Amino acid sequence: MTTTLLLARHGRTIWHAENRYAGVSDVPLTDEGRAQAQALGLWAAAHPVDAIWTSTVSRAVATADPACRALGLTPHREPALRECDFGVLEGRTLAEFAAEHPERAEAFRKDPVSYPFPEAEDPRTAATRGANALRRIATAHAGERVLVVAHNTLLRLVLCSLLSIPLGEYRRVFPQLRNAAVSEVRMEDASTALLSLNVPCG
C-alpha cells in the first residue's frame, strides 16, 4: 500500500542569514521562520494529512506546531530525524572553515560523504538512520498522508538513499531544500518515488 510523505525543512533560523551550520545545535526560528511555519500550517489545513512527525530539535518542532494545531494532531517526535552533527562546523560557515583549512574544505566540496568535516557524524550513518525512520513511518501509516518536518542535509541524504542516488552527490543533485517548502515522496514496499520538490506553501 502506498504512503505519501510530505517532507518539509524547518523554518528559517537566526543562523541562516550567514549560512552557518546549525546541525545538532538548538537554534531558534526567526520571525520569518515563524511566519513560514504559519504558512506551512495553513497549507496543511488545505491539504489535510493524517499524521505529523518531526525531528526532536526545537526548530523542527516549532515549525510543525501550527500544522498540528490546524489539524488537531499530536506530533510524533522521532530522534532519528534530527539533523546531522557537523562537528567543528557547528555554528560556523564553510567559508570560515576554508580560510583555515582550504584543502579539507575543497575535499568536502568535491565529495562531502568521503570527506566530512572533522568530528562530524558520518553522512552514511545519517542517511541510514533517516531513511530507516521514513520507512518505519511509511509502514506505520500505510495508505495515509504524513507530514514530516526535519532538516536540510539529513533530508537530502535520505532522498539520495531512497532514490538510489550516490550519497556523495547530495549537494549537487539537491542544492537546497527551502525552508518550510514541501517535497512529496510516495513509498510502497521497497519502492520510492519523488513527485515534487521544494513546493512553496506561501
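So, here is what we can say about the structure in this document.

1. Considering the pattern of salt bridges
So, step 1. All told, the structure shown has 12 salt bridges when counted by the stated rule.
So, step 2. The salt bridge involving Asp-31 is made with Arg-34; its shortest N-O contact spans 2.3 Å. In this pair, Asp-31 and Arg-34 are both assigned in helix H1 (residues 31–46), three residues apart and thus about one turn of the helix distant.
So, step 3. Linking Asp-122 and Arg-124 is a salt bridge whose minimum nitrogen-to-oxygen distance equals 3.1 Å.
So, step 4. One network of salt bridges, with partners in common, ties together Glu-18, Arg-20 and Glu-96.

2. A closer look at the side chain of His-151
So, step 1. For His-151, the location among the structural elements is in the loop between strand E4 (145–150) and helix H6 (152–162).
So, step 2. With relative accessibility at 0%, the residue His-151 sits in the buried group.
So, step 3. Separated by 2.8 Å, the side chains of His-151 and Ser-55 make a polar contact.

3. With respect to the state of the cysteines
So, step 1. Applying the stated criterion across every chain yields a total of zero disulfides.
So, step 2. Its sulfur unpaired, Cys-68 is 14 Å from the next cysteine sulfur, which belongs to Cys-201.
So, step 3. Here Cys-84 stays free of any disulfide, with the sulfur of Cys-160 as its closest cysteine sulfur at 12 Å.

4. Re the nonpolar core
So, step 1. By size, the foremost hydrophobic cluster in this structure holds 40 residues, and its most contacted members are Leu-5, Leu-134 and Val-148.
So, step 2. Within the residue set of this core, elements represented by two or more residues are strand E1 (3–9), strand E2 (51–54), helix H3 (94–100), helix H4 (102–110), helix H5 (123–140), E4, H6 and strand E5 (182–188).
So, step 3. Beyond its immediate stretch of four places on either side in the chain, Val-148 contacts Leu-5, Leu-6, Leu-7, Ala-8, Trp-53, Leu-81, Leu-134 and Ile-137.

5. Some words on the packing of aromatic side chains
So, step 1. Per the counting criterion, the structure on display carries four aromatic pairs.
So, step 2. Look at Tyr-21 and Phe-117: their rings are 5.3 Å apart centre to centre, the planes differ by 75°, and that puts the pair in the edge-to-face class. Of this pair, Tyr-21 sits in the loop between E1 and H1 while Phe-117 sits in the loop between H4 and H5, placing them 96 residues apart in sequence. The burial state of Tyr-21 is the same as that of Phe-117; both residues are buried.
So, step 3. A network of ring pairs unites the aromatic residues Tyr-21, Phe-86, Phe-97, Phe-108 and Phe-117 as a single cluster.

About the cut-offs
Residues numbered from 1 in each chain as written. Predicted model: local features only at pLDDT ≥ 70, side-chain atom pairs only at ≥ 80, totals over all residues. Heavy atoms only, no water. Salt bridge = Lys/Arg side-chain N within 4 Å of Asp/Glu carboxyl O. Helix = DSSP H or I, 4+ residues; strand = E, 2+ residues; numbered from the N terminus. Buried < 20%, exposed > 50% of the residue type's maximum accessible area, 1.4 Å probe, protein only. Polar contact = N/O pair within 3.5 Å; in protein donor to acceptor, adjacent residues only side chain to side chain. Disulfide = S-S within 2.5 Å. Core = buried A, V, L, I, M, F, W, Y, C linked by side-chain atoms within 4.5 Å. Contact = heavy atoms within 4.5 Å. Phe/Tyr/Trp six-rings, centres within 6.5 Å; stacked < 30°, edge-to-face > 60°.

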